[in-house]
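# Architecture at a glance
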Amino acid sequence: MLDQTHVERLEAEAVNSAKTRQPLYAARRKIFPKRASGSFRRFKWLVMAITLGIYYLTPWLRWDRGPFAPDQAVLLDLANRRFYFFFIEIWPQEFYYVAGLLVMAGVGLFLITSAVGRAWCGYTCPQTVWVDLFLVVERAIEGDRNARIKLDAGPWTARKLVLRVSKHAIWLVIGAATGGAWIFYFADAPTLVGELFTGTAAPVAYITVAVLTATTYTFGGLMREQVCTYMCPWPRIQAAMLDENSLTVTYNDWRGEPRSRHAKKVLAAGLPAGDCVDCNACVAVCPMGIDIRDGQQLECITCAQCIDACDGVMDKLGKERGLISYATLSDYNANMMLATAGGSCPVTPSLVRTVDGKFSDKVAHFHIGKIFRPRTYVYMAVWSLIGLGLLYSLLTRDRLEVNVLHDRNPQFVTLHDGSIRNGYTVKLLNMIPEPRTIVVTMQGLQGGEMSVVGDDIPAGRSFAIPVEPDRLKMLKVFVRQPADQIHGTAQTFTFRVEDRASFEADEYTATFNAPETAR
Amino acid sequence: MSSEHIDEVSGISTTGHEWDGIRELNNPLPRWWVVTFYITIFWAIGYTIAYPAWPLLHSATKGVLGYSSRNEVKNELTAAEAAKGKYVAAVESKSVSEIAADDALREFAVAAGGAAFRVNCVQCHGSGAQGSKGFPNLNDDDWLWGGSAEQIQQTITHGIRFASDPDTRLSEMPAFGDIITPDQIKQVSAYVASLSGLVQDASLIEPGANVFAENCVACHGDTAKGNRELGAPDLTDAIWLYGPGETAIAAQVRAPKHGVMPAWIGRLGETKVKELAVYVHSLGGGE
């Protein structure tokens, strides 16, 4: 029944196995992940292509905003304090949209984690994606796991030197390309790329590229799994995020145990043998260097490479896939109870299988409905509410605003005819990339008149003034009220600003101060 | 004590130190940590050679890079001066009304003049240039000596009643307490107060008008509108340097107070005075 001759047995040991539990401070144990192949590996290639594609191509997308704004689709213009994202333009005071997106990202992460575990860690985290990329280079140059182990252990020959130098050189190039792509988000990409290579770009551009090259090379090439295990807080947080219905990469020892390297002999001797043939394929492919058969652990980023590796082995053995699988703790516990007859005996394969070798009907399998449970509904609701709130706010936000600052020193000035004057700093915000003529009108304050300092605008209750595209115009406005119309020491009135072409308007209620003795 | 001792529980050697039977385990730092530690030591030594550091008897080592924080400040100030140079040169070469008419230049002059104002002028005129009793409010539209940018510049340059400047603005209202009778003072004060609408005893106003016509029109004019050539204030408006009302007016008629403003040209120079003039002109009352 069992033909183990086709299964290659690998010498691999988990870096964190209980047998070799290390002291707190110890040199890193080198990990040489073997290349896995299977559906999860294919999915990871796809995710990698998409995420890297988004990262590298986004700055080069164009978006026409007319002659008065940059045509880069995504641009963080720090010098002018504007953030462009396709059809959205954000001013610094609207940065709460970004805060809202971050809250959504946080809740989204909770949702994903409670449903499918650390999918972020395993597939989309930049650390994972770049380490994957660096491993592709490493494999292409030095070969797969065994070749790399041999090379590493071998003496320094000319070949080893050439391989190592070329590997690190390519890593550095990837690092530089990573840093290089980053800066294009902050300036016009086609212009900057020219400046970058002719040496005329700003020093901060080169410094940023240098820093990101160094961090990419160090994190992706040298530190790899250490970043996840020792530096990242997410493995710690996830413990609070997962529950018994979350999908995690699980070694199903209820069908794998007792594991045996010589199942045929064991079976022949009349002893029970599980599905696990102890080939260590799952350990060899693990980029974190752990043994998933030790159970769910902090180091596991759930990249599912072990699932691919094990499925390949199970296929060769003619057994059902899924000895290592995405499973929930509740299913796992149910199956474990079944396999151990309620905990009364060690794992017994005959308890989960019928006589003809099929799984018993009592074995629990994952059902998609488990994803939809109160907890995920709450996360989905919170996530959608924030999203809808942001969307509503974005669609109804003002693109014309007025801010007014009342002079405080002096609060008022008595003029020669006894009339009282107050000063205001009026800021007109034209938040669209087109020039506009803004009409400023005062409402209320009987007999009051406005005059604008430094402009040839006749005093009156209304004036029109041009405002440059996407700019703030600051006006010093004096408001004057005749003595006989003053009622009280603090009267309120309204500054109304309008764009009569687009019917946009904004208002500000201001106070007009007068001395008690105004005659 | 110095002999090798292995802790039984952990199997780790101890440092040989013992306190009340408690020994200290010898767990060395990780290598990278130790290396970093040594690097920082070498860095620190190099730093003290490169930069001013070691104290000597009367001074300290200068450092081979020749760095000094004073030079840093000096360079920054020089750079700031150079950045302002274009505007300062324009302020020097243009008249104050030209400066006031040029948006960018006016903005610069208002900022620079405002800074100078806050150092030199706020002591009398107040931080908001609002003045106080005896010190004119510079925000309003009532000017003793004229409110054009040039006239303001003239006033700041030479001061008012500033004895040591021959071109100073000079006016001196006589003390009428020695010239007219107390009754006449009462009458003329009532008349003057009535000019700006402050309701007064009608029986005093008519004789007051006669006293005014005999004694005051020479400077304040037939209609009491004042005369800027002489610095004589307009008595019909709502602004009173020494306070409104009959009593305050009577006191000023009897024995006038005469404020003094220094000539600023010697202390500030022409460019600063121009900037100040543009600043004061911009406060809202400029003509």
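Every chain's residues receive numbers from 1 upward, in the order its sequence appears when written. A letter from A marks each chain and a number from 1 marks each ligand, given out in the order of writing. Given that the model is predicted, a residue must reach a pLDDT of at least 70 before its local features are reported, and side-chain atom pairs must reach 80 or more before they are shown or counted; all residues, however, enter totals for whole chains, interfaces and linings.

### Description of the overall build of chain B
For the record, the criterion: The helix and strand labels rest on DSSP assignments: H or I over at least four residues marks a helix, E over at least two residues marks a strand, and numbering proceeds from the N terminus. Computation of the radius of gyration draws on C-alpha atoms, with the globule rule given as 2.2 Å multiplied by the number of residues to the power 0.38. Comment: burial labels come from other C-beta atoms within 10 Å of the residue's own C-beta, placed from the backbone, where a count of 20 or more is buried, 12 or fewer is exposed, and between is partly exposed.
Of regular secondary structure, chain B possesses eleven helices and two strands. Scanning chain B from its N terminus toward the C terminus, one meets helices and strands in the order β-β-α-α-α-α-α-α-α-α-α-α-α. In terms of overall size, chain B is more extended than a compact globule, its C-alpha atoms giving a radius of gyration of 37 Å where 287 residues would be expected to give roughly 19 Å. When its C-alpha atoms are laid out on the principal axes, chain B stretches across 120 × 50 × 40 Å. For chain B, the residues scored as buried account for 28% of the 287 residues in total.

### Some details on the overall build of chain A
Regarding its fold elements, chain A presents 17 helices and 14 strands. By its C-alpha atoms, chain A is 115 × 60 × 45 Å across when sized along the principal axes.

### Re the domain arrangement of chain A
Inclusion rule: Delimitation of the domains relies on an automatic or database domain assignment.
Segmentation of chain A into domains returns domain 1 (28–239), domain 2 (242–366) and domain 3 (400–513). For domain 2 of chain A and domain 3 of chain A, the distance between their C-alpha centroids amounts to 76 Å.

### Topic: the sheet that holds strand E13 (residues 490–499) of chain A
What links the strands of a sheet is backbone hydrogen bonding, and the strands pair in either a parallel or an antiparallel sense. All names here are of chain A. Where we set the bar: Any two strands between which DSSP finds at least two bridges are classified as paired. Working convention: axes come from line fits to C-alpha atoms, limited for helices to the stretch in contact. Angles between N-to-C directions cover 0 to 180 degrees.
Pairing is antiparallel across the open sheet formed by four strands, whose spatial order is E11-E9-E13-E14. Two strands lie at the open edges of the sheet, namely strand E11 (462–467) and strand E14 (504–513), each paired on one side alone. Going from strand to strand, the sheet's axes swing by 25° on average, the running direction of each strand aside.

### Topic: helix H15 (residues 329–339) of chain A
Residues and elements named next belong to chain A. The following threshold applies: Directions drawn from the helix axis to the C-beta atoms are what define this arc. Residues are treated as contacting if the C-beta atoms built from their backbones sit within 7 Å of each other.
Looking at H15, one finds that the buried residues are Asp331, Tyr332, Asn335 and Ala339. The arc enclosing the buried residues of H15, seen along the axis, measures out at 95°, which places them on a common side. Tucked inside the fold, the buried residues of H15 contact strand E4 (247–251), helix H11 (253–256), strand E5 (324–328) and helix H16 (349–352). Alanine 341 sits one or two positions beyond H15 and adopts a positive phi of about 50°.

### Notes on the interface of chain A and chain B
Defined as follows: Note on residue classes: Ala, Val, Leu, Ile, Met, Phe, Trp, Tyr, Cys and Pro are nonpolar, Asp, Glu, Lys and Arg are charged, and everything else, Gly too, is polar.
Facing 15 residues of chain A, the contacting portion of chain B comprises 18 residues. Listed by contribution, the elements that provide at least two residues to the side of chain A that touches chain B are strand E7 (413–414) and strand E8 (420–430) of chain A. A class-by-class count of the residues in the side of chain A that touches chain B yields six nonpolar, six polar and three charged.

### Digging into the domain arrangement of chain B
Residues and elements named next belong to chain B. Partitioning chain B into domains gives domain 1 (1–67), domain 2 (72–168 + 261–281) and domain 3 (176–254). One C-alpha centre belongs to domain 2, the other to domain 3; they are set 33 Å apart. In this assembly, nine residues from domain 2 lie in contact with nine residues from domain 3.

### With respect to the environment of threonine 489 of chain A
All names here are of chain A. With respect to the helices and strands, threonine 489 occurs in the loop between strand E12 (472–481) and E13. The class of threonine 489 is partly exposed, set by 16 C-beta atoms lying within 10 Å. Expressed as a C-alpha distance, the spacing of threonine 489 and leucine 212, which sit 277 residues apart in the sequence, is 60 Å. Look past the residues within four positions of threonine 489 in its chain and what remains in contact with it is Asn513, Ala514 and Glu516.

### Looking at the sheet that holds strand E1 (residues 74–77) of chain A
All names here are of chain A. Strand order across the open sheet formed by three strands is E1-E2-E3, with antiparallel pairing between neighbours. The outermost strands of the open sheet, each flanked by one partner alone, are E1 and strand E3 (88–90). Averaged over all neighbouring strand pairs, the angle between strand axes comes to 10°, with direction disregarded. Pairing geometry for E1 and strand E2 (residues 82–85), over four bridges, is antiparallel. Residue pairing in the sheet places aspartate 77 in a bridge with arginine 82 of E2.

### Considerations on the environment of cysteine 286 of chain A
Residue and element names in this part refer to chain A. Along the chain, cysteine 286 falls in the loop between helix H13 (281–285) and helix H14 (305–317). On the basis of neighbour counts, which here come to 27 C-beta atoms within 10 Å, the residue cysteine 286 falls in the buried class. Every residue in contact with cysteine 286, bar those within four places of it in the chain, is listed here: Pro33, Gln305 and Cys306.

### What to know about the nonpolar core
Residue and element names in this part refer to chain A. Just so we agree on the cut-off: The term nonpolar core means buried Ala, Val, Leu, Ile, Met, Phe, Trp, Tyr and Cys residues held together as one set by C-beta atoms within 7 Å.
Ranked by internal contacts, the top residues of the largest apolar core, which has 41 residues, are Cys282, Cys306, Cys310 and Ile324. Going through the elements one at a time, helix H4 (126–142), helix H6 (158–183), E4, H13 and H14 are the ones with two or more residues in this core. Residues lining this core come from more than one domain, with at least three contributed by each of domain 1 (28–239) and domain 2 (242–366). Setting aside chain neighbours within four positions, we find cysteine 306 in contact with Val249, Cys282, Val285, Cys286, Ile292 and Ile324. Listed in part, the 26 residues of the second largest apolar core include Leu428, Leu429, Val479 and Phe495.

### With respect to unusual backbone geometry
Between glutamate 257 of chain A and proline 258 of chain A the backbone carries a cis peptide bond, its omega angle lying at -15°. Summarising the element assignment, proline 258 of chain A is placed in the loop between H11 and helix H12 (263–268). The residue after asparagine 409 of chain A, namely proline 410 of chain A, is reached through a cis peptide bond having omega 0°. Within the secondary structure, proline 410 of chain A sits in the loop between strand E6 (400–406) and E7. A positive phi is found at phenylalanine 86 of chain A, a non-glycine position, where the angle reads about 50°. The class for phenylalanine 86 of chain A is exposed, based on 10 C-beta atoms found within 10 Å. Positioned with a positive phi, alanine 129 of chain B is a non-glycine residue whose angle comes to about 60°. On the secondary structure map, alanine 129 of chain B appears in the loop between helix H5 (122–125) and helix H6 (149–158). On the basis of neighbour count, alanine 129 of chain B is assigned to the buried category, with 25 C-beta atoms found within 10 Å.

### A few points about the pairing of E2 of chain A
All names here are of chain A. Following E1, the chain reverses through four residues before pairing antiparallel with E2; arginine 81 in that reversal takes a positive phi of roughly 55°. When E2 meets E3, the two strands line up antiparallel, connected through three bridges. Note that in E3 the partner of phenylalanine 85 across the bridge is isoleucine 88. What sits between E2 and E3 in their antiparallel hairpin is a turn of two residues, with phenylalanine 86 showing a positive phi close to 50°.

### Side note on helix H2 (residues 96–116) of chain A
Residue and element names in this part refer to chain A. Heads up, the rule is: In this scheme, a helix's expected span is set at 1.5 Å multiplied by one less than its residue total.
For H2, which comprises 21 residues, the first-to-last C-alpha distance of 29 Å matches the rise-based estimate of 30 Å (1.5 Å per residue) to within 8%. Along H2, the residues classified as buried are Val107, Phe110, Leu111, Thr113 and Ser114. Those residues of H2 that are buried are in contact with helix H10 (234–241) and helix H17 (374–396). Positioned one or two residues after H2, glycine 117 has a phi angle of 70°, which is positive.

### Things to note about the packing of helix H4 (residues 103–120) of chain B against helix H11 (residues 265–281) of chain B
Residues and elements named next belong to chain B. Heads up, the rule is: Angles below 35 degrees are treated as roughly parallel, those above 145 as roughly antiparallel, those between 65 and 115 as roughly perpendicular, and all remaining angles as oblique.
Where H4 contacts H11, the two axes come as close as 7 Å, and the packing angle between them is 105°. Classified by the angle between their axes, H4 and H11 sit roughly perpendicular to one another. Within the contact between the two elements, H4 uses Arg106, Ala109, Val110, Ala112, Gly113, Gly114, Ala116, Phe117 and Asn120 and H11 uses Leu268, Lys272, Lys274, Glu275, Leu276, Val278 and Tyr279. For the contact of H4 with H11, the per-class residue count stands at nine nonpolar, three polar and four charged.

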